[in-house]
Amino acid sequence: MVDTRKIILNADQLRKLTGDRLQGTAKRKVKRNDIYIVLDNVLDTYNIGSVFRLADAVAAKKIYLCGGTETPPNHRIKKASINTTEVVDWEYCESAVEAIAKLTSEVKKMQLHLGGGRSLQIIAIEQTPKSVPYNSFEYKLPTVLVVGHESDGVSKEVLKVSDAVVELPMFGINKSLNVMVSLGIVLYKVIEFASEG
């Protein structure tokens, strides 16, 4: 029997809990942070599933799966996510720019209804000449984190509409980290800033 007052499940329990039972217990019990994740043509289903796990871990509000990014239901995504595809809200958009525009509009409407608030901060995680180190940037909620294609990175169109571009320093011979690893590191930095503010 799962204690519904505080839902903390291990991987095996998550895999066994399905459908309405999983959504009914987990979705309602978690207070979501004002963090949105946009996948800009992320193609590896393992990465996609892992991003669902990350989104659940930090209680992100929503994931936007864009362009060529696979969507649930997909066996490999579900397996990598250990069923968190069932508890994390997600939506498909034709492009990451479309997702960002939609999200910006929704957040503005919500803030008008609630009487103000901070504007949405759009941050691409990418290596560019204008990138700043991820650990020297001042994150604010609500925020959108965008990660891109495993080889091509975040699209130029998204970089143009981003408020900032952050990157992780690389000290070895490898040029970059895996999409979900980079996202995980930055997500926890966002959570750290949010808890201080």
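What counts, and where the lines are drawn
- Residues numbered from 1 in each chain as written.
- Predicted model: local features only at pLDDT ≥ 70, side-chain atom pairs only at ≥ 80, totals over all residues.
- Heavy atoms only, no water.
- Axes fitted to C-alpha atoms, helices over the stretch in contact; angles between N-to-C directions.
- Helix = DSSP H or I, 4+ residues; strand = E, 2+ residues; numbered from the N terminus.
- Parallel < 35°, antiparallel > 145°, perpendicular 65-115°, else oblique.
- Left-handed = near helix turned anticlockwise from the far one by under 90°.
- Contact = heavy atoms within 4.5 Å.
- Nonpolar A, V, L, I, M, F, W, Y, C, P; charged D, E, K, R; others polar.
- Expected span 1.5 Å × (residues − 1).
- Buried < 20%, exposed > 50% of the residue type's maximum accessible area, 1.4 Å probe, protein only.
- Polar contact = N/O pair within 3.5 Å; in protein donor to acceptor, adjacent residues only side chain to side chain.

1. Considering the packing of helix α3 (residues 45-57) against helix α7 (residues 179-196)
Stage number 1. Axis separation between α3 and α7 bottoms out at 9 Å; the angle between their running directions is 15°. It follows that α3 is roughly parallel to α7 by the angle criterion. The way α3 lies across α7 gives a crossing that is right-handed. Across from Tyr46, Asn47, Ser50, Val51, Leu54 and Ala57 in α3, the residues of α7 making contact are Val179, Met180, Leu183, Gly184, Leu187 and Tyr188.
Stage number 2. Considered class by class, the residues forming the contact of α3 with α7 number nine nonpolar, three polar and no charged.

2. Topic: α7
Stage number 1. With 18 residues, α7 should cover 26 Å at 1.5 Å per step; its first-to-last C-alpha distance of 26 Å lies within 8% of that length.
Stage number 2. Among the residues of α7, Val179, Met180, Ser182, Leu183, Gly184, Val186, Leu187, Lys189 and Val190 are the ones counted as buried.
Stage number 3. Check the buried side of α7 and you find it contacts β1 (33-40), α3, β4 (121-125), β6 (143-148) and β7 (164-167).
Stage number 4. Near the N-terminus of α7, the side chain that reaches the backbone nitrogen of Met180, with its oxygen 2.8 Å away, is that of Asn178.

3. Here's the deal with the environment of Asn47
Stage number 1. Mapping Asn47 onto the fold places it in helix α3.
Stage number 2. Separated by 29 residues in sequence, Asn47 and Arg76 have C-alpha atoms that sit 9.9 Å apart.
Stage number 3. Ignoring any residue separated from it by four or fewer positions in sequence, one finds Asn47 in contact with Val42, Glu150, Asn178, Val179 and Met180.

Keep in mind these numbers describe shape, not what the thing actually does.
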